[in-house]
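Inside the fold
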Amino acid sequence: MIRHLAILILAVSSISGMARAQLFPPEHRNWEVELFGGASFLGESFHETPAVIGSVQTSRQVGLRYASGYQFGGRVNTSQWRYWGASVEYGMSNQPLTFTNLSPSVPSLSASQSIHRFAYEILYYPMDKRHRLRPYGFAGPGVALFYVHGDSKERAAQLGIRLNDPWKFSFHWGGGVKYLLRDHAAMGFQFSDAISGVPHYGLPEVQRQSQAGFKPDGLLHNWRVGISFIYQWSQY
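Note that the structure is a prediction, hence the values are computed from the model and not measured. (Residues numbered from 1 in each chain as written. Predicted model: local features only at pLDDT ≥ 70, side-chain atom pairs only at ≥ 80, totals over all residues. Heavy atoms only, no water.)

What about the sheet that holds strand E3 (residues 56-66)?
Across the sheet, five strands lie side by side as E7-E6-E3-E2-E12; this open sheet has mixed pairing. Here the strands that pair on one side only, and so sit at the sheet edges, are strand E7 (106-111) and strand E12 (207-208). In this structure, strand E2 (residues 43-53) lies alongside E3, joined through eleven bridges in antiparallel fashion. Looking at E3, one finds that Phe-46 is bridged to Gly-63. (Pairing = 2+ DSSP bridges. Helix = DSSP H or I, 4+ residues; strand = E, 2+ residues; numbered from the N terminus.)

Listed below in structure tokens is the structure:
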């Protein structure tokens, strides 16, 4: 009798659990920790830089090329509203750079570099938390540190060129999608653009005699794509 009663209790509990899962399926939670990785692209640009050679005033086209690199980082997201959310992000990308035509004596200069980005973003979700597949768009301000590695600074110094690590304000925008794998766990895909001014790296804006010079102008677009693993929870 006791055995049959135990089996009956287990069966009722299982049915109740299945019914509850159907009535209350898992949904995206209010808070998220997101770890991401992917690729980062910046491209190449050319900058007209004034030059004074003796008593002659002229100009040179200085090239700046960024190699494609990897990126990784993390975000803390909150979506306590039905369609809106917010995110704080840190990301790092490996982005080697090459200057060309800096001066007559330095036709090319390569340097290893890491770009560290910090951003605060507002997110919009067209679908609420009950949808497993949840696309979104986002935009927000940020800052970027263009960090030239020490060995590259030393090599540049041997050529008479001093490089520093500039900060630039940036604007981030993009979109992505999140898919709820199970309760508390999701995966995501995101593409984005971080727009900033071109960094000067401490170089003078006018080239004098044989010294290096670089006058940055225009905007820099840092395109990024990545996938992420997300842990979600709720606070009541």
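As for the nonpolar core
Counting 23 residues, the largest nonpolar core has Phe-99, Leu-102 and Ile-161 as its most contacted members. Breaking this core down by element, the ones donating at least two residues are E3, strand E6 (97-103), E7 and strand E9 (133-148). What Leu-102 contacts, discounting residues up to four positions off in sequence, is Arg-60, Val-62, Leu-109, Ile-161, Leu-203, Gln-207, Gln-211, Ala-212, Gly-213 and Phe-214. (Core = buried A, V, L, I, M, F, W, Y, C linked by side-chain atoms within 4.5 Å. Buried < 20%, exposed > 50% of the residue type's maximum accessible area, 1.4 Å probe, protein only. Contact = heavy atoms within 4.5 Å.)

Examining the packing of aromatic side chains
Scanning the entire structure with this criterion turns up twelve aromatic pairs. Between Phe-99 and Tyr-201 the ring centres are 5.7 Å apart and the planes differ by 90°, which places this aromatic pair in the edge-to-face class. One end of the pair, Phe-99, is in strand E6; the other, Tyr-201, is in the loop between strand E11 (185-197) and E12, with 102 residues separating them in the sequence. The class of Phe-99 is buried, set by a relative accessible area of 1%. Residue classification places Tyr-201 among the buried residues on the basis of a relative accessible area of 0%. In textbook terms, an aromatic cluster arises when at least three aromatic residues are bridged by ring pairs, as seen for Phe-99, Phe-146, Tyr-201 and Phe-214. For the cation-ring pair, Arg-134 lies above Tyr-125, with the distance from its terminal atom to the ring centre recorded as 3.9 Å. (Phe/Tyr/Trp six-rings, centres within 6.5 Å; stacked < 30°, edge-to-face > 60°. Lys NZ or Arg CZ within 6 Å of the ring centre and 35° of its normal.)

Observations regarding the confidence of the model for the chain
Chain-level pLDDT for the chain is 89 on average; 88% of the residues reach the 70-or-more range. Of the regions scoring below 50 in pLDDT, residues 1-24 engages in zero contacts with residues more than four places distant in sequence or in other chains. (pLDDT = per-residue confidence, 0-100.)

Observations regarding the sheet that holds strand E8 (residues 113-124)
Strand order in the closed barrel made by the eight strands is E1-E4-E5-E8-E9-E10-E11-E13, with antiparallel pairing throughout. Within this sheet the neighbouring strands show an average axis-to-axis angle of 25°, counted without direction. (Axes fitted to C-alpha atoms, helices over the stretch in contact; angles between N-to-C directions.)

A closer look at the pairing of strand E13 (residues 219-233)
One ladder, built from eleven bridges, connects strand E1 (residues 31-41) with E13; its direction is antiparallel. Paired with Gly-37 across the bridge in E13 is Ile-227. With 13 bridges connecting them, E11 and E13 associate as antiparallel partners. Each bridged residue has a counterpart across the sheet, and for Met-187 the counterpart in E13 is Phe-229.

Describing empty space enclosed by the protein
By the definition in use, this model includes three cavities of 30 Å³ or more. Of the volumes computed, that of the largest cavity is approximately 80 Å³. What lines the largest cavity is a set of 14 residues, among which Phe-36, Gln-71, Arg-75, Gln-190 and Gly-226 lie closest to the centre. Among the secondary structure elements, those contributing two or more residues to the lining of the largest cavity are E1, strand E4 (69-78), E11 and E13. The biggest single contributor to the lining of the largest cavity is E13, with five residues. (1 Å grid on protein atoms, 1.4 Å probe; cavity = no way out; pocket = protein on both sides within 12 Å on 5 of 7 lines; lining within 4 Å. Points joined across faces, edges and corners; volume = space filled by probe spheres on them.)

Concerning the pattern of salt bridges
Any two side chains of opposite charge can pair, on the condition that their charged atoms come close. Scanning the entire structure with this criterion turns up nine salt bridges. The salt bridge partner of Arg-224 is Glu-89, with a shortest N-O separation of 3.3 Å. Residue Arg-224 is located in strand E13, and its partner Glu-89 is located in strand E5 (residues 84-94); the two are separated by 135 residues in the primary sequence. Each member of the pair, Arg-224 together with Glu-89, is buried. Here Lys-153 and Asp-165 are joined by a salt bridge, their closest N and O atoms 2.7 Å apart. In this pair, Lys-153 sits in helix H2 (residues 150-158) while Asp-165 sits in the loop between H2 and strand E10 (167-182), placing the two residues twelve residues apart along the sequence. Overall, the relative accessible area of 24% leaves Lys-153 in the partly exposed class. (Salt bridge = Lys/Arg side-chain N within 4 Å of Asp/Glu carboxyl O.)

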